[in-house]
Amino acid sequence: MLAYIKLLRPYQWIKNLFVFTGILFSHRWGEAGLWYQVMLAAAAFSLVSSGIYALNDIADREQDRVHPRKCRRPVASGAISVPMAWMVGLGVLAIGLALAAWVSPMAFGLIALYAVLNGAYSVSLKHVVVLDIFIIAAGFMLRILVGTLGLDIQPSRWLLLCGFMVTLFLGAAKRRAELMDAPTDGAERRKVLEHYSPALLDLILGVTATASILTYGLYTMSADTIALQGTADLIYTLPLVIYGLFRYLYLLFASGSGGDPSIDLIRDPHLLITLLLWCGVTFWLVR
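Residues numbered from 1 in each chain as written. Predicted model: local features only at pLDDT ≥ 70, side-chain atom pairs only at ≥ 80, totals over all residues. Heavy atoms only, no water.

Student: Would you mind showing me how to read the overall build of the protein here?
Tutor: Check the secondary structure of the protein and you find 14 helices and zero strands. When the helices and strands of the protein are listed from N to C terminus, the series reads α-α-α-α-α-α-α-α-α-α-α-α-α-α. Computed over C-alpha atoms, the radius of gyration of the protein comes to 19 Å, within 12% of the 19 Å expected from 2.2 N^0.38 for 287 residues, which places it in the range of a compact globule. Taking all 287 residues of the protein together, 48% fall into the buried category. Pairs at least 24 apart in sequence give 71% of the contacts found in the protein among residues at least 6 apart. With an accessible surface of roughly 13800 Å², the protein has 70% of that area assigned to carbon and sulfur atoms. Distance between charge centres in the protein, computed from 22 positive and 18 negative side chains, equals 4 Å. (Helix = DSSP H or I, 4+ residues; strand = E, 2+ residues; numbered from the N terminus. Rg over C-alpha atoms; globule rule 2.2 N^0.38 Å. Buried < 20%, exposed > 50% of the residue type's maximum accessible area, 1.4 Å probe, protein only. Contact = heavy atoms within 4.5 Å. Areas by Shrake-Rupley, 256 points an atom, 1.4 Å probe, with all protein chains shown as cover. Lys, Arg positive; Asp, Glu negative; His and termini not counted. Charge placed at Lys NZ, Arg CZ, Asp CG, Glu CD.)

In structure tokens:
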């Protein structure tokens, strides 16, 4: 049972907090039906992403076997056979898509697009320099869109732009962490890393971190945002956003993590407390 849990990677479900972005800023917290849809959408995304992880482990099993850490994955280690991994992965994927269809046609289309993009990423796009970072970012952005357009919530353009910058930042951080962790003794490593340099990824991180701060600040000061939320004080949450980004950069460069936001959020109390404070202060301001 532990091997199957590892195959589905439920700890990665924390990424689906992005699905709740829409309801947080929608002023529709009292609608029980909307909360039901949000929970279903998050569950659908969780199941679909778990199915994708299982199928990715099948595709990457040969490469994972020579990796010092990934060799312990269930398929690479032989704890789960390839046919059984196919059965579990496709089964979970199908259930997730069925749940998405129950939420709305738009939610189904967006989550299906996520599955197709990740399939293309696993087959070939993960080897295309720069585009691979955009595909990683697209996965996060689709979560935001499912939690907004998929639930008939109109998202702010500034909020979408900020989300896009943050997700590009996370994609670049993932590649930077992989580059620092890549073997230097001739062992096989991810092919796309051969095209990245530390300077290039550091530049992308700097640009996206700066753009995330600016776009979030502009979102909080937008006239449309102030009118919708009924407050001009969201700008006071900006220091929490800046601290969170800087803390993530510290984890990436000083402590050897930063490549997986799901793990880093759980393991680092600073990031977790910052997120909880941001959610609490934001909700208090817009309630």
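Moving on from the model shown.
Student: I would appreciate a short explanation of the nonpolar core in the present structure.
Tutor: The nonpolar side chains of a soluble globular protein tend to be buried with one another. Core analysis: the largest hydrophobic core is formed by 40 residues, its most contacted members being Ile-133, Phe-169, Tyr-216 and Trp-278. Residue assignment for this core shows that the elements contributing at least two residues are helix H8 (131–146), helix H9 (157–181), helix H10 (198–221), helix H12 (238–254) and helix H14 (269–286). At 10 residues, the largest contribution of residues to this core is made by H9. Apart from the residues within four sequence positions on either side, Phe-169 is in contact with Leu-205, Thr-208, Ala-209, Leu-245, Tyr-248 and Leu-249. Counting 33 residues, the second largest nonpolar core, distinct from the first, contains Ala-42, Val-92, Ala-107 and Ile-111. (Core = buried A, V, L, I, M, F, W, Y, C linked by side-chain atoms within 4.5 Å.)

Student: Looking at this structure, how should I read the packing of helix H3 (residues 32–59) against H8?
Tutor: Two numbers describe a pair of packed helices, the interaxial angle and the distance between the axes. Where H3 contacts H8, the two axes come as close as 10 Å, and the packing angle between them is 155°. Taken together, the axis directions place H3 and H8 in an arrangement best described as roughly antiparallel. The handedness of the crossing between H3 and H8 is right-handed. Where H3 abuts H8, its residues Ala-41, Phe-45 and Ser-49 lie against Gly-139, Leu-142, Arg-143 and Val-146. Looking at the contact of H3 with H8 residue by residue, the class counts come to four nonpolar, two polar and one charged. (Axes fitted to C-alpha atoms, helices over the stretch in contact; angles between N-to-C directions. Parallel < 35°, antiparallel > 145°, perpendicular 65-115°, else oblique. Left-handed = near helix turned anticlockwise from the far one by under 90°. Nonpolar A, V, L, I, M, F, W, Y, C, P; charged D, E, K, R; others polar.)

Student: I tried to follow H14 on my own but got confused; where do I start?
Tutor: The periodicity of an α-helix, 3.6 residues per turn, causes residues three or four places apart in sequence to face the same way. Taking 1.5 Å as the rise per residue, H14 with 18 residues should run 26 Å; its terminal C-alpha atoms sit 26 Å apart, in good agreement. In the core, the buried residues of H14 are packed alongside helix H2 (21–24), H10, helix H11 (223–229), H12 and helix H13 (261–267). (Expected span 1.5 Å × (residues − 1).)

Student: Sorry if this is basic, but what is going on with a nonpolar patch on the surface here?
Tutor: Taken together, the side chains of Val-128, Val-129, Val-130, Leu-131 and Phe-134 define a hydrophobic patch exposed on the protein surface, amounting to about 340 Å² of accessible area. Here Phe-134 shows up in helix H8. For Phe-134, a relative accessible area of 38% gives the class partly exposed. (Patch = residues over 30% accessible without salt bridge, like charges linked within 9 Å, V, L, I, M, F, W, Y side chains within 5 Å. Salt bridge = Lys/Arg side-chain N within 4 Å of Asp/Glu carboxyl O.)

Student: Help me understand the packing of aromatic side chains in this model?
Tutor: This model, assessed by the stated rule, comprises six aromatic pairs. Connected via pairs of aromatic rings, a cluster forms that spans Tyr-216, Tyr-219 and Trp-278. Looking at Arg-143, its charged tip hangs above the ring of Phe-140, at a distance of 5.7 Å from the centre. (Phe/Tyr/Trp six-rings, centres within 6.5 Å; stacked < 30°, edge-to-face > 60°. Lys NZ or Arg CZ within 6 Å of the ring centre and 35° of its normal.)

Student: What exactly am I supposed to notice about the side chain of Asp-268 here?
Tutor: Note that Asp-268 resides in the loop between H13 and H14. Not counting chain neighbours up to four residues away, the residues in contact with Asp-268 comprise Arg-247 and Leu-251.

Student: When you look at the environment of Leu-203 in this model, what are you seeing that I'm missing?
Tutor: Residue placement: Leu-203 occurs in helix H10. On the basis of relative accessible area, Leu-203 is assigned to the exposed category, the value being 55%.

Student: I keep staring at the packing of H9 against H12 and nothing clicks. Help me out?
Tutor: One can describe the packing of H9 onto H12 by two numbers: an axis separation of 10 Å at closest approach and a directional angle of 15°. Accordingly, the angle class assigned to the pair H9 and H12 is roughly parallel. Two packed elements cross with a definite hand, and for H9 against H12 that hand is right-handed. Seen from H9, the contacting residues are Phe-169, Leu-170, Ala-173, Arg-176, Ala-177 and Met-180; seen from H12, they are Leu-245, Tyr-248, Leu-249, Leu-252 and Phe-253. Classifying every residue of the contact of H9 with H12 gives 10 nonpolar, no polar and one charged.

Student: How do you make sense of the pattern of salt bridges when you look at a structure like this?
Tutor: Summed over the entire model, instances satisfying the criterion amount to six salt bridges. A salt bridge links Asp-57 to Arg-9, with the shortest nitrogen-to-oxygen separation between them at 2.4 Å. With a gap of 48 residues between them, Asp-57 in helix H3 and Arg-9 in the loop between helix H1 (2–8) and H2 connect regions that are remote in the sequence. Arg-9 matches Asp-57 in its accessibility class, with the two residues each being buried. Between Lys-174 and Glu-178 there is a salt bridge, and its shortest N-O distance comes to 3.6 Å. With Lys-174 and Glu-178 both in helix H9, this residue pair falls four residues apart, about one helical turn.

Student: Please clarify how helix H7 (residues 105–123) should be interpreted in this entry.
Tutor: In this model, H7 (19 residues) spans 27 Å end to end at C-alpha, consistent with the 27 Å of a helix rising 1.5 Å per residue. Residues Ala-107, Leu-110, Ile-111, Tyr-114, Ala-115, Asn-118, Tyr-121 and Ser-122 constitute the buried set of H7. For H7, the buried positions fall inside an angular range of 145° around the axis, keeping them on one side. Opposite the packed face of H7, turned more than 90 degrees from it, sit the exposed residues Pro-105, Val-116 and Val-123. In this structure, the buried residues of H7 make contact with H3, helix H6 (82–103), H8 and H9. (Arc of directions from axis to C-beta.)

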